[in-house]
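# Reading the structure
The primary structure of each chain is shown beneath.
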Amino acid sequence: MIRYRRSGTVRTTRGTAGSVRFRAIVLLAVALVALAAAGCAEKKPQVGLTQPAPFPLTVTDGTGRQVTIPAQPQKIVSLSPSCTEILFALGLGSKVVGVDKFSNYPPEAQKVEKVGGFSDPSVEKIAALKPDLILGTGMHKKVLPQLESLGIPVVLLEPRNVEGVLADIGTVGRLTGVPEAAEKVVADVRNRIDRVKAKVDTVPREQRPWVYYEVYSEPIMTVGPNTLIHQLIELAGGRNIAYDAQTDYPEFSAEAVIQRNPAVIIFPSFHGSASLTVDKLKARPGWAAIAAVKDGRVHPIDADIISRPGPRIADAVEELARLILPDLFPR
């Protein structure tokens, strides 16, 4: 029987400044994905309209707050990469006047004024931009009192699964006055995922490969069954070896990975950082015996597409499918 250790604060280890920066980026990605955990016992309300358009309109955001949008927003601040990607996908890039420093997609977002980090936005910088809408995530609840003090509507998105992500895209479209654009984006994302699922459904479940996804390496952490990444792996035709984990991001011993012998190993690749590599992973003691290592099926995946609950979850499902079932999804 494999024991899971409940993960807590990741311990600090000595290392270079680069490794410290990389560790911070990894923890940010974990925090982002944690917001999108699927099927959690705690049922949180999805963002949804409680009053029809035209403006003013009232929404119930992902934290259960009632927020009134008095008029169609013309200047928007995004506090997370996923919110930024939703806004640009809806054609609202010209109205985005401020973003967090991790908003790097699409490329145009990198030219927008930065208002601080993901978890520590500058209220002063936000106020100076005079937006009429602030979009954030559940991670921003701790700065909500300061943001609300500005007298600007603040909507926090907190999707719990793929359907929650699609619902959020639709709602952002309505509360910004572009519902038709949102419907098109949602339809595109849904159709792409459905096309993958249709092929995956032709493979009996017992024949689908076991997959190990490594969130972090020191300590080794993976994804539990109540996370968005777990759902994306399942949609792409894989079976998560941590299907019975009791936490969303459990520590998972190297011995446990060896024992469960995954056919595919996938890990996030972070841009501009000294990250885990295929060679480093293969060199771990005892891992040469793992089927994925023996068969050369150890793969990096763009951390941004798999960790951000936005339109690019379709990219994540398609890429995962190519890595998990390459015969069915050739490049």
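Here the structure is a predicted model, which is why all the values come from computation and not from measurement.

About the criteria used
Residues numbered from 1 in each chain as written. Predicted model: local features only at pLDDT ≥ 70, side-chain atom pairs only at ≥ 80, totals over all residues. Heavy atoms only, no water. Helix = DSSP H or I, 4+ residues; strand = E, 2+ residues; numbered from the N terminus. Buried < 20%, exposed > 50% of the residue type's maximum accessible area, 1.4 Å probe, protein only. Areas by Shrake-Rupley, 256 points an atom, 1.4 Å probe, with all protein chains shown as cover. Pairing = 2+ DSSP bridges. pLDDT = per-residue confidence, 0-100. Contact = heavy atoms within 4.5 Å. Phe/Tyr/Trp six-rings, centres within 6.5 Å; stacked < 30°, edge-to-face > 60°. Lys NZ or Arg CZ within 6 Å of the ring centre and 35° of its normal. Salt bridge = Lys/Arg side-chain N within 4 Å of Asp/Glu carboxyl O. Core = buried A, V, L, I, M, F, W, Y, C linked by side-chain atoms within 4.5 Å.

## Concerning the overall build of the protein chain
- For the protein chain, the count of helices and strands is twelve helices and twelve strands.
- Burial statistics for the protein chain: of 331 residues in total, 56% are counted as buried.
- Surface accessibility of the protein chain: about 14500 Å² in total, with carbon and sulfur atoms responsible for 53%.

## Here we look at the pairing of strand β2 (residues 57-60)
- In β2, alternate side chains face the same way, and those of L57 and V59 on one face and T58 and T60 on the other are all buried.
- Where β2 and strand β3 (residues 66-69) come together, four bridges link them in antiparallel fashion. Looking at the pairing, L57 lines up with I69 of β3.
- The hairpin turn running from β2 into β3, its antiparallel successor, is five residues long, and G64 in that turn takes a positive phi close to 90 degrees.

## Details of the confidence of the model for the protein chain
- Considering every residue of the protein chain, the mean pLDDT works out to 87; 82% of them sit at 70 or more.
- A low-confidence stretch, residues 1-22 (pLDDT under 50), is modelled with 33 contacts involving residues beyond four sequence positions or located in other chains.
- In this model, residues 32-46 is a region of pLDDT below 50 whose contacts with residues beyond four sequence positions or in other chains number 56 contacts.

## Digging into helix α7 (residues 228-235)
- Extensive coverage of α7 is indicated by the burial of seven of its eight residues.
- Along α7, the positions that sit buried rather than exposed are L228, I229, H230, L232, I233, E234 and L235.
- Note on α7: the residue one or two positions beyond its end, G237, has a positive phi of about 100 degrees.

## Some remarks on the packing of aromatic side chains
- The tally for this structure, following the rule as stated, stands at three aromatic pairs.
- Following the ring pairs from residue to residue traces out a cluster consisting of Y212, F252 and W287.
- The ring of W287 carries R284 above its face, with NZ or CZ at 4.7 Å from the centroid.
- Cation over ring: R312 sits above Y105, and NZ or CZ is 3.7 Å from the ring centre.

## Side note on the pattern of salt bridges
- Applying the stated criterion to the full structure yields 16 salt bridges.
- Ionic pairing is found between R260 and D244, a salt bridge with its closest N-O pair at 3.0 Å. Of this pair, R260 sits in helix α8 (residues 254-260) while D244 sits in the loop between β10 (239-240) and α8, and the two are 16 residues apart along the sequence.
- Within the structure, one salt-bridge network assembled from shared partners comprises E85, D304, R308 and R312.

## Some words on helix α2 (residues 81-89)
- Counting buried residues in α2 gives eight out of nine residues, a clear majority hidden from the surface.
- Residues of α2 that are buried: P81, S82, C83, T84, E85, I86, L87 and F88.

## Here's the deal with the nonpolar core
- Among the nonpolar cores identified, the biggest contains 62 residues, and L90, V155, Y213, L232, I266 and L320 are the most heavily contacted of them.
- No other element matches helix α12 (residues 313-324), which puts eight residues into this core.
- The residues contacting L232, other than those within four sequence positions of it, are V162, I306, I313, A316, V317 and L320.
- With 17 residues, the next largest nonpolar core counts Y212, A256, I265 and V293 among its residues.

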